[in-house]
Every structure is written in structure tokens, then in C-alpha cells.
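Reading the structure
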Amino acid sequence: MNLRRRRPALLVPALAATALLALAACGSADAPASGSTGAAGSSSGAAAADGDLVIYSGRNEKLVSGLLDQLSAATGVKVSVRYAGSSELAAQLLEEGDATNADLFFSQDAGALGALGAAGRLEALDPALTATVIDGYADPANLWVGTSARARVVAYHPGQAPEAAQMTSIDAVLDPRYKGKVGFAPSNASFHAFVTALRVTKGEDGAKTWLERFRANEPKAYDSNVAVLDGVDKAEVSLGLINHYYWFEKSAEKGESAVTAKIRFLGSDDPGALINVAGVGVLKGTDQKEAATKAVSFLLGPQAQKYFTETTFEYPVVDGTPTPAGLPALKDLRSSSVDLNKLDSLDRTLALLGEVGLT
Amino acid sequence: MAGALLALLPLGYLVLRTVEAGDRVGAILTRPGTLELVGRSLALVGTVTTLCLVLGVGLAALVTRTTLPGRRVLAVLLALPLAVPSYVAAFAWVAAVPWARGFVGATLVLTACTYPYVYLPVVAAMRGVDPAQEEVARSLGRGPWRTFLTVTVRQVWPAAASGGLLVALYALSDFGAVSLLQFDAFTRVIHTSYRASFDRTPAAVLSLLLVVLTVLIALGERRSRRGLEQTRVGSGVSRRSEPLRLGRMAAAAATAAVLAVLAVALAFPLASLAYWFVTGLSAGVDVERLVTSTATTLLLAVLGALVTMAFAVPIGVLVARHRSRATSAIELGAWAGHALPGIVVALALVFFGIRVAQPIYQRTPLLLIAYAVLFLPAGVGAVRASVAMSSPRVEEVARSLGSRPLDVLRRVTLPLAGPGVAAGTALVLLTIMKELPATLLLRPTGANTLATSLWTETGVAAYAAAAPYALALVALAVVPTLWLMHAQGRLGESGESGDPCEPPTSLDQPSDPHRRRVP
């Protein structure tokens, strides 16, 4: 056995020990390349410096990093943002408990905020702040507030289901002609919200009957809304149950002419036209309460509301902000909107989906 | 010991969560869907593992034991699908082939991405085994096929089985691919439980069930190679077996089979990525982010592999040299961590990290520890196998000549384990590069790896923008894949070069210690 061969086996543990010690000793050594968040005020690398507002964002970096940079610039609050899925972050926040570093949770859907609120992890917001949003788009106990809204829509393939352009009720997707031709995302939070809306509008029995008929029509389950829309676009299915802005995202990515699928906003009073919100909550025990309040206030302000309508193609939640071009006015859909506060009975919705076999 | 405790962290966390649940546990376990879920997952694991064993052993035989044209190049190419993350392959298939969904799709993608786990060690083993046994069988009148099946396959079985175990656990714990392919496997339901209800209890109960399945599979693998693992001190002649001459038709058929595998496992996903890449070029590539993501991936993978191997080497030596109930339990415990979905391990480390290691929480050291928990078994397996192959007699001789135990460890045992350490390091590097869920939750704020950037882009349906990250990830992962192949193949190649000092290599392969000398 020569020396040359022997060395690596000994070097490995030795190097590893050294590396660990070095890293443990100086936390700042672990700034392996900052992401593209490194604009004004966003600190990257090591865990947040004291004084940074730590935001856990379940909303995609591509969609909101520009906005959070604007937030820093406008309010002078230095932010440090961690991106992951909303539900993963909610689970993480629940595991972290009161030891969390997070000050603000920016969620893709109200469900994750509701779960944190129910677990006592959210600090009540100033009622004056939550009062600025359209009625019903904030938690009744002020634990969280909606920041932007999105409508459930029916995506359709104009070649396969041209009649969907006139569709007014979600009941139309139960038509046997769409057997095996409807795409949906059973694990998606906004689908769950839609089912809750069904329960609110049709009653428990009515909702169950609807879901049973839906299942009998052999809908096709996809992993996400994005995948559902892709399915419609490629004519794997004729119809898809999604949120409106996915279509706009896809058009922005591929060019509108390259997207075959179209979307249809259903009529008022229909659960298929449910309005959902993305929103924020402040973590209990934050040491950045003032900065967090400033941040929430910014997100409800005109600059942020305009950002949502222009960049993410969502609806504003504060009256007076113009609706994005090409979208029906929110108030036309709003008359239909189910009371969002009734949407917190998620357990019952999931149980119902389990009973019917649509999970 | 610390390493073993570390590996058991997720288990501790799951038990804690499950105990909290109290009598709900029974209800969750007896839900009508649960048994079906177990059945479905086992069906997938069984099918994928069987296919991988057949493919891995068959392809290894073709490139090592026949006159297949171009076998040297093909032998390398056949290892490369390991560099393609299963979620990337799944994405390519879903985007292009609508029927590649559910059970069929999941089987196809997982088999294509994991058969090299079997193929690589078997190639090394086939190059290493002494052909004498086969020749004896032939001379006693067994035909070539029966000889292959009864003698050769038996000789390489320990190598194949340990690869098969990696495949089985991969198939059991994979989330990205089964989720994209809409196959309701265990991990998908565990994720849905987090995603849909924010209820961590059912997820914990199901994860524990997953651990039980894993331990059973690991025990099965161990049993399957009992009595087949050989260590020899002093042995026959060092030479290669005579390759099987393929006729024109047979060569054409074999070439077609190999090319078909390469087309499915390598060419198709790469072509899809290239297509997306080209369509997205007009939008421009975020070069800065691509470069920083690549650098971060590389740094984390190297550091993570070092930390993991620092724990894996002592455990591997201990497990190989001191077989007892305690060491068996440590080994099985480590495997259990390997089969858990990344999100579960990540949450376990969130739970413990923020309570006992706040200063390193969401900093690189804790992320590296997470990698160690996730990938320790791959390292331990490689080290254990290569130590186990070397006869303890060599160490006894060294001791009898007056070396102290620590000297023996330093001068004999570890050098003999060298190739195992190399193979383990390469394997761990490779898997860390592709890791996503634990990285997302535990990374330092603002740090992006190629996998997290890929996740970000696909989250907004920006497939074209995602393609450069996927391509960079595959390109980066090719390096440890080749290194792994090299580390595992060193024994085989040394046969050709005739280097008498070359130590043995490869996972679980019957030893060939005649080329080894006591230092």
C-alpha cells in the first residue's frame, strides 16, 4: 500500500472536521452566493442580521421579489426573505413555535394563514389596517389580511369545448360529454376553497351530491393548477378548474398567441367563481412589530396593489385600485363571492373529499 | 456514535409527533386508504427494483462479458442517467407524453433514473470476479446461459442486492417524480397531508409506517445476500474471463437494447431540456443567478459530502468489523432516515435545530447535518462493503506484528476502505446536488442551489427559464457519476493494468484480495 493511496481516506474526515469547525465558528462564512434577492435592503447569506424583517414567503420569488424590493425602498425596512411552498412554510412555522426568527408570513393562500392563526401563532393586526380591504378579505379576528385576490375560472380548449365560452355555472362541468375531460388539482388549496364554497352555497348534502357526480364523470387529477392548464392547452382535457392568473402567467411566459387554452369567468353567485386571497400575517412574539406593521401597510397601499394587478395579474383587495386589463371587474364577481370567513372549515371539506374519494 | 444518533433524529421526531396523537394513530392506520396505499407503494417499489436488477445486471453483463461493439463508451454512457434528477426526467415525460402517467409513468421514470445504482457495482463486480468458477461450471457441462444465471449472477448478487436496496429506498422515498406523474404513492400522500390540512400527525404516522417498510426491505436485502459475501485471502489467478462472442444478429439486438435504454433514460430528458432551453433563449438567461446557484450547489455538495463521510467512515468500519445487535440497529436506523421524504427529515431538523442549535439554525452547518442524516446510509453502505471485503486476518497480522489498534486502523483498515470511501463520497455528492425539500427549508436565507432555482422557475410555469438550471444540474452531476464509476471500477481496471498494489473497490463485491498487500 503506497502513501498516495492512503491519504484520501484520512483526509476526508480530517477536512470535514475542519470545515465543520470553521463553519460553526463563524456563521458568516456560510454566505455561499447570494440569490437574486440582493437588491436594496435584502440581506442574503447568513441568517438575518438583527434588525432585519424576516419574511417567510410562500409566494414565488419570481412573482414577489420585485415587490419586496419596492417595500424596502419605500419603507426603509430591511427585509430578509425565505422562499418555499406556503404549506411547507406553515409546517415549518408550526414546528419552530415561538422560537421562530420569522416576523411576517406571506402566504399563497388563506388556508395556511388560517392554520397558523388557529394554532395561536399569529399576532392580531391593527383593525384600522384590516379595515382598508374589501369586506370579507381579512380574518374576522384580524389575525391575517388578504393582499391580493384571484378568481376561480374554468379553463377550456376552444377546439374541444367551444361552448365553454358561454358557461355560467360550474354545474356544467358535470355534463356527461366531459367524461374524463375535466382536469383539476385535488391537493391544491384553492380547489379545497372551491369545495368549501360548494358546501356554503349548496349545503352539505348538495355539495356531496355535486362531488359524487363530479367523480362519476371521471375528472383527471393533476399535481398543480399549472399542470391542469398545461393539460387543457395540449387538449389532454377539454376543461380545467384553475385560478385566473395561471393563464396570464403562462401567456407571459410563452406569448399569448402560443397559448391555445382560454379561460371563462363564471357568473355571479356561482361557487365556481369563488374569489380567494393571498395574504400576510405577523408572527406572534416578533421583535419587529413596528417594521412588520409598516410592511403590511405597504402591501395594502396603492403601490403594492398596483404591482399585484400589473405584474401578477391578480385583483386588488383595496377599493379604488383599477382592475387589470382584460379582467371582469371584481365587483361583478364579488356579488357571488362566498363569505371567506366560512372557508375555515377546511377539516370538513377534506373529510368530505375523502368520503367521496377525490383526494 | 454521534453519527448514529444524528441519523435517528428524524425517528425521534416522528415518534414524538405520533405519541402526541394518542388514539388518533389507530384511526389513521386503519383508514381504508392506508392499506391500499401500502399496497400501491410496494407494487411500485417491487416493480422498479425488479426492473432495475434485470437491467442493471443485464447491461453490466453486456458491457463487461461480451464483444458488444463500442462497449467501452457504452459502459460509461450507461452510468450517466444517474446524473438526471428524477423530477427533471418526470417533467420531461409529462410534458411530452400524456400517457406516461400514474403507475406506468412512475415505473418508467424511476427505473430509468435509478438502474445505475445496480449497474455500477455489478459492472465493477463482474470485472473483478475470478472466472474460475464459471469455467468449472462450463467444463462440467452447463450451458452459457445456465452458467451465467447460476454462477455469475450468484457471484455478483451481493453487489446487485446492495444496489437494489438503494433503488428500492429511492422509489419508496421519492416525491418529485411520483407527484409530477400523479401516482399516489406514500410520499405523495404524506405531502398532501401537510399541504392540505397543515396537520402534521397523519404525516408523521404514515412516515413511521414508511420506516417500518424500509427496515423490512433492508432486512430482506441483508438476508438475500447472506452466505454470498465472500472474503478471500490469497486466491486464484488474476485474469479476465473470456468475453462471449456475439454473432452479428445478437450484437445488433444487444446494441439496439442498450441504445433503447440510453434513449429513454438519457437522450430523451436531455433533448427535452435542450428544446426548452432553446425556446427560452430569446427571453435571456439570468447568467448571474445561474453562476451563483451552480457555485452554491457545488460548495454545499462538497461540504455536505465531507460531513456525511466524516460520520459514515467510523460507522462503516464499526458495522463491518463489530457485528452485533447494537451495530445492526445503528445500520438499520440509518437506512430508515434514507427512506423518509426530505420534507419529513427537514421538519425534524427544524424541530430540533431551533431548540438545541439555534446559532446554526438556517445556516450552512445545520443544512450540512441534514444532508448527513439524509444520505449517511449511502456512505455507510459503501464503506462497510469495502471494509467487509478485506479480511480481518490482515488486521490481525498487523496487530501480531506489534502495531497498536489505532495504528492498525490508520495504516491498514482505512486505506483498505479507501475506494469505498471514494465511492460513498461520489454517491453522496451526487444526491446532495439533486436534493430539494430539505435545502428549501434549511438553506441560509438568500442562498439558491440549482435545485431551488429550478423549483422557483417551474413554480410559475417558466419551463424555458428553468431549463438552464436543469441542464447545469445534470452537467454538474455528471462529474460525481463518473467519479463513482471510476471508484467502483478501480478494481476491474487494476486487473488490466496489473497493479498489484491496488486495493479492492466497489459496493459489496466479492473480494479479490490477492492484489492486496499489508502496508
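Calculation criteria
Residues numbered from 1 in each chain as written. Chains lettered and ligands numbered in written order. Predicted model: local features only at pLDDT ≥ 70, side-chain atom pairs only at ≥ 80, totals over all residues. Heavy atoms only, no water. pLDDT = per-residue confidence, 0-100. Contact = heavy atoms within 4.5 Å. Core = buried A, V, L, I, M, F, W, Y, C linked by side-chain atoms within 4.5 Å. Buried < 20%, exposed > 50% of the residue type's maximum accessible area, 1.4 Å probe, protein only. Helix = DSSP H or I, 4+ residues; strand = E, 2+ residues; numbered from the N terminus. Domains from an automatic or database assignment. UniProt positions renumbered as here; feature names shortened; annotations may be inferred. Polar contact = N/O pair within 3.5 Å; in protein donor to acceptor, adjacent residues only side chain to side chain. Phe/Tyr/Trp six-rings, centres within 6.5 Å; stacked < 30°, edge-to-face > 60°. Lys NZ or Arg CZ within 6 Å of the ring centre and 35° of its normal. Axes fitted to C-alpha atoms, helices over the stretch in contact; angles between N-to-C directions. Parallel < 35°, antiparallel > 145°, perpendicular 65-115°, else oblique. Left-handed = near helix turned anticlockwise from the far one by under 90°. Nonpolar A, V, L, I, M, F, W, Y, C, P; charged D, E, K, R; others polar.

Some details on the confidence of the model for chain B
Residue and element names in this part refer to chain B. Mean pLDDT over chain B stands at 82; residues scoring 70 or higher make up 89%. Here residues 491-519 is a poorly scored stretch, pLDDT under 50, and it has 92 contacts once near neighbours within four places are set aside; other chains count. Under the prediction, the complex receives an ipTM of 0.84, its pTM being 0.83.

Some thoughts on the nonpolar core
Grouped together as the largest cluster of nonpolar side chains are 254 residues, with contacts concentrated most on A:Leu53, A:Phe105, A:Tyr137, A:Val296, B:Leu78, B:Tyr119 and B:Tyr194. Per-element accounting of this core gives the leading share, 15 residues, to helix 16 (residues 364-389) of chain B. Inspection of this core shows a minimum of three residues originating in each of domain 1 (53-148 + 277-327) and domain 2 (150-274 + 344-356) of chain A. Those residues in contact with B:Leu78 that sit more than four places away from it in its chain are B:Leu59, B:Val63, B:Tyr115, B:Pro116, B:Tyr119, B:Val258, B:Val261 and B:Leu262.

Comments concerning the UniProt feature "binding site: Fe cation" (unreviewed entry) in chain A
All names here are of chain A. In the numbering used here, UniProt assigns the "binding site: Fe cation" (unreviewed entry) feature to Tyr245 and Tyr246. Setting aside residues no more than four positions away along its own chain, tyrosine 245 makes contact with Gln108, Arg150, Thr312, Phe313 and Glu314. Among the polar contacts listed, one links the side chain of tyrosine 245 to the side chain of tyrosine 246, at a separation of 3.3 Å. Tracing the chain through its elements places tyrosine 246 in helix 8 (residues 244-254). Overall, the relative accessible area of 11% leaves tyrosine 246 in the buried class. Discounting residues that sit within four places of it in the chain, tyrosine 246 has contacts with Gln108, Asn225, Val226 and Leu229.

Topic: the packing of aromatic side chains
For any pair of aromatic rings, the description rests on two quantities: the centre-to-centre distance and the angle between the ring planes. Within the structure shown, the criterion is met by 17 aromatic pairs over all chains. For the pair A:Trp247 and A:Phe248, a centre-to-centre distance of 5.1 Å together with 90 degrees between the ring planes defines the contact as edge-to-face. One aromatic cluster in this structure is built from A:Phe184, A:Phe191, A:Phe194, A:Trp210 and A:Phe214. B:Arg355 extends its terminal NZ or CZ atom over the ring of B:Phe351, reaching a point 4.2 Å from the ring centre.

Comments concerning the environment of A:Val228
All names here are of chain A. Looking at the element boundaries, valine 228 is found in helix 7 (residues 225-233). On the accessibility criterion, valine 228 (0% relative accessible area) is buried. If near-sequence neighbours (up to four positions away) are discounted, valine 228 is found in contact with Gly183, Phe184, Ala185, Tyr222, Gly240, Leu241 and Ile242.

A closer look at the packing of helix 13 (residues 287-321) of chain B against helix 18 (residues 405-434) of chain B
All names here are of chain B. Interhelical geometry of helix 13 versus helix 18 gives an angle of 140 degrees and a closest axis separation of 8 Å. Taken together, helix 13 and helix 18 sit at an angle that is classed as oblique. Every pair of crossing elements has a handedness; the one defined by helix 13 and helix 18 is right-handed. Contact residues: helix 13 offers Thr297, Leu298, Leu300, Ala301, Val302, Gly304, Ala305, Thr308, Met309, Val313 and Val317, while helix 18 offers Leu409, Thr413, Leu414, Val421, Gly424, Thr425, Val428, Leu429, Ile432 and Met433. Partitioning the contact of helix 13 with helix 18 into residue classes produces 15 nonpolar, six polar and no charged.

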